[in-house]
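# Structural description and commentary
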Amino acid sequence: MAKIELSQKDKDIVWVLETGDFADLGIYFIKPHHPLRWVNSANFGAVGCSIGYAIGAKMAYPEKEVWMICGDGSCGYTLMDYDTLMRHNLNIVTVVGNDGRWGEVCRKQIAIFGTDYSCTLEFTKYEEVVKPFGGIGYYVDETNGSNLVDILKSASTQSREHSVLVNVLIGLTDLRTGDL
């Protein structure tokens, strides 16, 4: 998350954060540099609402970069709206934190029921799903993670002409353990 902020330091970006573990980390690391540049569903939106917020932000600020931050669970809800983005030339950057599970739900379920039943996900190649709509996709794992800042800068540049999705494999975290 800190690398996302570092890669875009001092840029006038509209940040859209989904609900859930990965996006919630953005609250600690991403600092908007101008007023009216932060949309966070927090507990007021359902999983998958951020794409609608991103579409609205891009329509309200067509000259600004719009970055949507979400986890892999919520990304599965929003991918088909890349069709809407591309048909209406609403180019955004999406960063997906992919840990292969419904992290927030999993942690609570284990604490209460002792199992993570139905909480694991595949490490889906979300970056491939956007390509048929005309989007650009990046996959980041341990083999190219040291290039993440450069990849994010490229995504920023390419978002002038295309929507870009950066699928970042991340490790598990217990950062919010006890937050039931």
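The rules behind the values
Residues numbered from 1 in each chain as written. Predicted model: local features only at pLDDT ≥ 70, side-chain atom pairs only at ≥ 80, totals over all residues. Heavy atoms only, no water. Buried < 20%, exposed > 50% of the residue type's maximum accessible area, 1.4 Å probe, protein only. Helix = DSSP H or I, 4+ residues; strand = E, 2+ residues; numbered from the N terminus. Pairing = 2+ DSSP bridges. Core = buried A, V, L, I, M, F, W, Y, C linked by side-chain atoms within 4.5 Å. Contact = heavy atoms within 4.5 Å. Lys, Arg positive; Asp, Glu negative; His and termini not counted. Salt bridge = Lys/Arg side-chain N within 4 Å of Asp/Glu carboxyl O. Polar contact = N/O pair within 3.5 Å; in protein donor to acceptor, adjacent residues only side chain to side chain.

## Looking at the pairing of strand β4 (residues 93-98)
Buried residues dominate β4, accounting for 6 of its 6 residues. Side chains of β4 alternate between two faces, with V93, V95 and G97 and T94, V96 and N98 buried alike. For strand β3 (residues 65-71) and β4, the ladder comprises 5 bridges, and the chain directions are parallel. In the sheet register, C70 faces β4, and the bridge partner there is V96. Two strands pair when backbone bridges link them, and β4 and strand β6 (residues 164-169) are joined in this way by 6 bridges, in the parallel orientation. Counterpart to N98 in the pairing with β6 is L169.

## Quick look at the nonpolar core
Among the nonpolar cores identified, the biggest contains 20 residues, and I4, W15, W67, I69, V95, L152 and V166 are the most heavily contacted of them. Looking at this core, the elements that each hand over two or more residues are β1 (13-17), α2 (21-29), β3, β4, β5 (136-140), α8 (148-158) and β6. For this core, the element with the most residues is α8, which contributes 4 residues. Beyond its immediate chain neighbours, meaning those up to four positions away, L152 contacts K3, I4, S7, Q8, W67, V95 and V166. In this structure, A54, I55, L79 and L90 belong to the second largest nonpolar core, which totals 19 residues.

## Structural notes on the side chain of K58
Structurally, the position occupied by K58 is in helix α3 (residues 50-60). Notably, K58 is buried but unbridged: the nearest opposite-charge side chain belongs to E63, and the N-O separation is 7.4 Å. Here the side chain of K58 touches P62 through a polar contact of 3.2 Å, landing on its backbone oxygen. Apart from the residues lying within four places of it in its own chain, the contact partners of K58 are K64, E65, V66, L90, N91 and I92.

## Things to note about the pattern of salt bridges
Per the counting criterion, the structure on display carries 7 salt bridges. We note a salt bridge from R37 to D12, for which the minimum N-O separation is 2.7 Å. Of this pair, R37 sits in the loop between α2 and β2 (38-40) while D12 sits in the loop between α1 (2-7) and β1; the two residues are 25 residues apart in sequence, bridging distant segments of the chain. Owing to a relative accessible area of 11%, R37 belongs among the buried residues under this scheme. Judged by its relative accessible area of 23%, D12 falls in the partly exposed class. What you see here is one network of salt bridges that share partners, running through D12, R37, E63 and K64.

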